[in-house]
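Architecture and fold: a report
Given next are the chains, with one letter for each unit.
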Amino acid sequence: MSSLETIHVDGVWRAAASGAQREVLDPADATVLATVSEGGVADTDAAVAAARRAFDNGAGPWPRTPVAERAALLRRVAGLLERDREEIALIESRDTGKTLEEGRVDVDCVRDAFRYFADLVVAEGPGRVVDAGSDTVHSVVVHEPVGVCALITPWNYPLLQASWKIAPALAAGNTFVVKPSEVTPLSTVHLVRLLAEAGLPDGVANLVTGGGDPVGARLAEHPHVDLVSFTGGLASGTKVMTAAAPTVKKVALELGGKNPNVVFADACESDEDFDTAVDQALNAAFIHSGQVCSAGSRLIIEESVRDRFVSELARRAERIRLGRGTEKGVECGPLVSAQQLAKTEAYVTHALAEGAALRCGGRRPEPSDVRPETGYFYAPTVLDLCHGEMKVVREETFGPILTVETFHTEDEAVALANDTEYGLAGAVWTKDAGRARRVAGRLRHGTVWINDFHPYLPQAEWGGFGKSGIGRELGPSGLAEYREAKHVYQNLEPKPVRWFAG
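The paragraphs below set out a description of the structure included in this document. Please read these numbers as outputs of a predicted model, since none were measured by experiment.

Turning our eyes to something else, we now look at the layout of surface pockets. Approximately 1400 Å³ is the volume attributed to the largest pocket. When residues in the lining of the largest pocket are grouped by element, the largest group, 6 residues, is from helix α8 (residues 234-244). The residue makeup of the lining of the largest pocket, split by class, is 21 nonpolar, 14 polar and 13 charged. As a volume, the second largest pocket reaches approximately 460 Å³. Around the second largest pocket sit 20 residues that line it, and Asp106, Tyr157, Ile287, His454 and Tyr456 are the ones nearest its centre. Those elements that place two or more of their residues in the lining of the second largest pocket are α4 (100-123) and α5 (158-172). No other element matches the 5 residues that α4 contributes to the lining of the second largest pocket. Among the residues making up the lining of the second largest pocket, the classes are represented as 11 nonpolar, 6 polar and 3 charged.

Pasting the structure below:
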C-alpha cells in the first residue's frame, strides 16, 4: 500500500479518484507527519456501493456468517492489536499529540472492546420467546443487522472511537464505511489493515479518508446507508442529523459534554483525601490537554475549601510538563491543531473579559518551557470566580481550561452541575455515602462517577443526556444500536379464520 493509498474499497487500497491529497501535521512541531488521500463524493459512493454489495449478496455474506465465526474474527483482531501495540501507540501519539503512554492505554482499550463484543454475541440466545397465550403459536423476537453503517469518528480518540463503532457493527453482522477525522486518520488506516489481515471478507470494511464535507456529509445523506453513527461536535452532529432525516435512517450521536466535577468539603478532610481530590481534578481536566469529551472542565467546589483547593490545584497545574508526547517525562502534549489552539486562546480571553480570575496558565508556554519549541502548546489554565452565564462555562472548550464555581448547599451543587445543555458525564466527591447516592441520582448525566473520574467499562453503556447526543455506545445497548428487532410469529396449526362469509 502506498502512503497515498489510504482509501479502502471492496478490499483494495487506492488513491482518491480525484488524485487529491492532504498533509497530516505533527501537532508537536507543525511539520508534515504523513500525506493521505483526500477522498470525495465519488470515493464515498464507491465505498457505500461496496458495503451494500457485501451486505446484500457478497460471496459468503457477512450478515449470514455464523455468530461464532464473527466472534472469532473479532478475537483475531484483538490479538493483532496486541502484536502491533507499540507501533499503533506511536502512530496515535504522533498524530494526536497525546503521550505515548496514553496511546498504549488506547490500544489496550480498543483490544478490550473487540473482545467484549465477541463475548457478548456468543453468549446470546437464539431470540426472546414471547408468550402468545396459545400452545399452537411459537412467537420469538430476533435481532438482525441494520445493514450498511456509516461510521464517522473524531480527532481526539480516533482509534478508540472507531473501535466503539466497528466492533459492535461487525459483531452484529453489518458492513460499514468508516470516515476518520481528516486531522488524525492514521491509526484508523492501520486498524482497517488489521481487519483485512484477520480475514474479514472484501467489502465488509471500507474506509474513506477526507473532510467532513464532502465525505461525512455524503455518508449522512446517502440513500443506501442504513445507519450513521457520529462522534464529534454539536454543530456537526446537528448537520448529520438533518442530512439523515430525508432517508429516515437510524442515527446515533455522541456530541461531547460540559462535565461537572463536584467536590464537597468532607472529601478534603484529611491530607490524604485532599491530595487525592486535587490530583483527580487535575486528571479530570488536563488529560490529553483537555481534549476529551468527558473532561471534567467544570470544578464545582464547596465554598469553605475553595481557596485552599484552588491554590494547590493551580500550583500543581503550573508544574505539568509539556512537550512531545513520545518524549520521556512529558505529562501533557500539544493541542491537535492551530485551529484548536486559537479556539482555546479565544475562550480564555473572553473569560477574563467576563470577570474570571486567572490562577495559572492563560498563555502559550515560554520556548524554554517546552520541547520542541514550536507546535500547538498551551499552558494548563485554571479560571476562578466563574459563573454559569460565562461562555467558557457553557460551551465545550476542548482545551486545557478548568473553570471554578462554588456552592454552599447540596441542592445548590446539584443545580450548578445540571445547569448545562449537555449531559455526558459528571462526578461527585464526598465521604458521605448517603449524599453520594443522592447526588449521583439527581445528576442528569449519562455517566456519574463517585470519588473517581474518567474510568469506563466496555460492558457499561456510554452516552449522554440532552445535547450530548442520542443512543449509546458500549454495553448491550451499544450492540443494539447496530441491530433491528424482528418479531417472528408462527402459527403451528393454521385454520380458516371465517371472518368473511365468502
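Now, onward.
Below, the discussion takes up the pairing of strand β8 (residues 175-179). The buried fraction of β8 amounts to 5 of the 5 residues, a majority that puts the element mostly inside the structure. Residues Thr175, Val177 and Lys179 line one face of β8 and the alternating positions Phe176 and Val178 line the opposite face, and both faces are buried. Examined bridge by bridge, strand β7 (residues 148-152) and β8 share 5 bridges and lie parallel to one another. Within the sheet, the bridge partner assigned to valine 148 lies in β8 and is threonine 175. Of the strand pairs in this sheet, β8 and strand β9 (residues 205-207) are connected by 3 bridges, and their pairing is parallel. From the neighbouring strand, valine 177 faces β9, where its bridge partner is asparagine 206. Chirality of the crossover, the property in question, places the unit of β8, helix α6 (residues 186-197) and β9 among those that are right-handed.

Glancing now at empty space enclosed by the protein. Empty pockets left among the atoms are what a rolling probe the size of a water molecule brings to light. All chains considered together, the criterion is met by 3 cavities of 30 Å³ or more. Around the largest cavity, the lining residues are Gly257, Lys258, Asn259, Gly290, Val292, Ala295, Ser297, Glu396, Thr397, Phe398 and Gly399. Here the lining of the largest cavity is composed, by residue class, of 3 nonpolar, 6 polar and 2 charged. Of the voids in this model, the second largest cavity is the one considered here, and its volume is about 50 Å³. Lining the second largest cavity are 13 residues, and of these Leu253, Glu254, Ile470, Gly471 and Glu473 lie nearest its centre. Contributions of two or more residues to the lining of the second largest cavity are made by β10 (227-231) and β11 (250-254). Tallied by class, the residues present in the lining of the second largest cavity amount to 4 nonpolar, 5 polar and 4 charged.

Applying the stated criterion across every chain yields a total of 8 aromatic pairs. Pairing phenylalanine 264 with phenylalanine 407 gives two aromatic rings, centres 5.0 Å apart and planes at 70°, and the pair type is edge-to-face. Here phenylalanine 407 lies in strand β16 (residues 401-407) and phenylalanine 264 lies in the loop between β12 (260-263) and α9 (271-286), a separation of 143 residues in the sequence. Across the pair, phenylalanine 407 and phenylalanine 264 agree in class, each one buried. In this structure an aromatic cluster arises from ring pairing among Trp164, Trp449, Phe453, Tyr456 and Trp462.

The next thing to look at is the sheet that holds strand β20 (residues 483-491). Judged by pairing direction, the sheet is antiparallel, and its 3 strands sit side by side in the order β5-β6-β20 without closing on themselves. Among the strands making up the open sheet, the edge pair consists of β5 (128-129) and β20. Bridge count between strand β6 (residues 137-145) and β20: 9 bridges; the pairing is antiparallel. Paired with histidine 143 across the bridge in β20 is alanine 485.

The rules behind these values
- Residue numbering note: each chain is counted from 1, following its sequence as written.
- Only residues with pLDDT of at least 70 are given local features in this predicted model, and only at 80 or more are side-chain atom pairs given and counted; all residues enter the totals for whole chains, interfaces and linings.
- Derived side-chain values reflect all non-hydrogen atoms in the structure, with water molecules and hydrogen atoms excluded from consideration.
- Here a cavity is any set of points on a 1 Å grid over the protein atoms alone where a 1.4 Å probe fits but cannot get out, and a pocket is any open set with protein on both sides within 12 Å along at least 5 of 7 lines; a residue lines the site when it has an atom within 4 Å of a point.
- Grid points are joined across faces, edges and corners, and a volume is the space filled by probe spheres set on the points.
- Secondary structure elements follow DSSP: runs of H or I of four or more residues count as helices, runs of E of two or more count as strands, with numbering from the N terminus.
- Gly is put with the polar residues, along with every residue not named as nonpolar or charged; the nonpolar set is Ala, Val, Leu, Ile, Met, Phe, Trp, Tyr, Cys and Pro, and the charged set is Asp, Glu, Lys and Arg.
- Working definition: with a 1.4 Å probe on protein chains only, accessible area under 20% of the residue-type maximum means buried, over 50% means exposed, and in between means partly exposed.
- Following DSSP output, two strands are said to pair if at least two bridges run between them.
- By the criterion used throughout, a crossover qualifies as right-handed when its path from the first strand across the helix to the second strand runs clockwise, the strands pointing away from the viewer.
- Pairing of aromatic rings covers Phe, Tyr and Trp, the last through its six-membered ring, and needs centres within 6.5 Å; plane angles under 30 degrees mean stacked, over 60 mean edge-to-face, and all others mean tilted.

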